[in-house]
Amino acid sequence: YKLVKQGLENMQRLDQALGYPSRAGYKIVHVAGTNGKGSVCWKVSNALTASGMRTGLFVSPHISSFRERCLIDGKEISEKELVTYLNHIFQVCETNNIP
């Protein structure tokens with residue numbers, strides 16, 4: 001069990017440890033609000049994908065599989081990719097003492 005620290009410090013440290021992927025220059029649509037965020041994100045992603053753009057979508061929570069949260073061009077990432085990326089992130093967190 002690890003205590004989670006509130007605030008952005010841990011995310012900023014992880015961003016730095018991963019080489020600042022937040023600064024990679026991706027065009028991002030950030031949807032915020034109380035209700036309907038998931039539906040809006042799905043519709044925007046589907047519209048952009050249908051128009052020929054490459055899209056990535058992260059939504060939470062999932063319904064039946066954690067992989068539903070991570071979509072590239074409307075398709076779930078593979079279980080192998082999920083395990084690979086999460087193991088990498090967990091290792092980076094452990095190495096840098098990021099809870």
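Heads up: the structure comes first, above all this text.
Residues numbered from 1 in each chain as written. Predicted model: local features only at pLDDT ≥ 70, side-chain atom pairs only at ≥ 80, totals over all residues. Heavy atoms only, no water.

Draft legend 1. Up close: the overall build of the protein. Secondary structure assignment for the protein yields 3 helices and 3 strands. In sequence order, the secondary structure elements of the protein are arranged as α-α-β-β-β-α. Taking the principal axes of the C-alpha coordinates as reference, the protein spans close to 40 × 30 × 30 Å. For the protein, the proportion of its 99 residues judged to be buried stands at 17%. For the protein, contacts bridging at least 24 residues in sequence account for 29% of all contacts bridging at least 6. A total accessible area of about 8,200 Å² is found for the protein, and carbon and sulfur atoms account for 57% of it. (Helix = DSSP H or I, 4+ residues; strand = E, 2+ residues; numbered from the N terminus. Buried < 20%, exposed > 50% of the residue type's maximum accessible area, 1.4 Å probe, protein only. Contact = heavy atoms within 4.5 Å. Areas by Shrake-Rupley, 256 points an atom, 1.4 Å probe, with all protein chains shown as cover.)

Draft legend 2. Focus on helix H1 (residues 9-17). Looking only at H1, the buried set comprises Asn10, Leu14 and Asp15. Projected down its long axis, H1 carries its buried residues within an arc of 140°, all on one side. On its buried face, H1 is in contact with helix H3 (79-95). Looking one or two residues past H1, Gly19 carries a phi angle of roughly 85°, positive in sign. (Arc of directions from axis to C-beta.)

Draft legend 3. Broad picture of the environment of Asp73. With respect to the helices, strands and loops of the structure, Asp73 is situated in the loop between strand S2 (70-72) and strand S3 (75-76). On the accessibility criterion, Asp73 (23% relative accessible area) is partly exposed. Sequence-distant contacts of Asp73, that is, excluding residues within four places in its chain, are made with Thr49, Met53, Arg54 and Thr55. Engagement of the side chain of Asp73 in a polar contact is seen with the side chain of Arg54, the distance being 2.8 Å. (Polar contact = N/O pair within 3.5 Å; in protein donor to acceptor, adjacent residues only side chain to side chain.)

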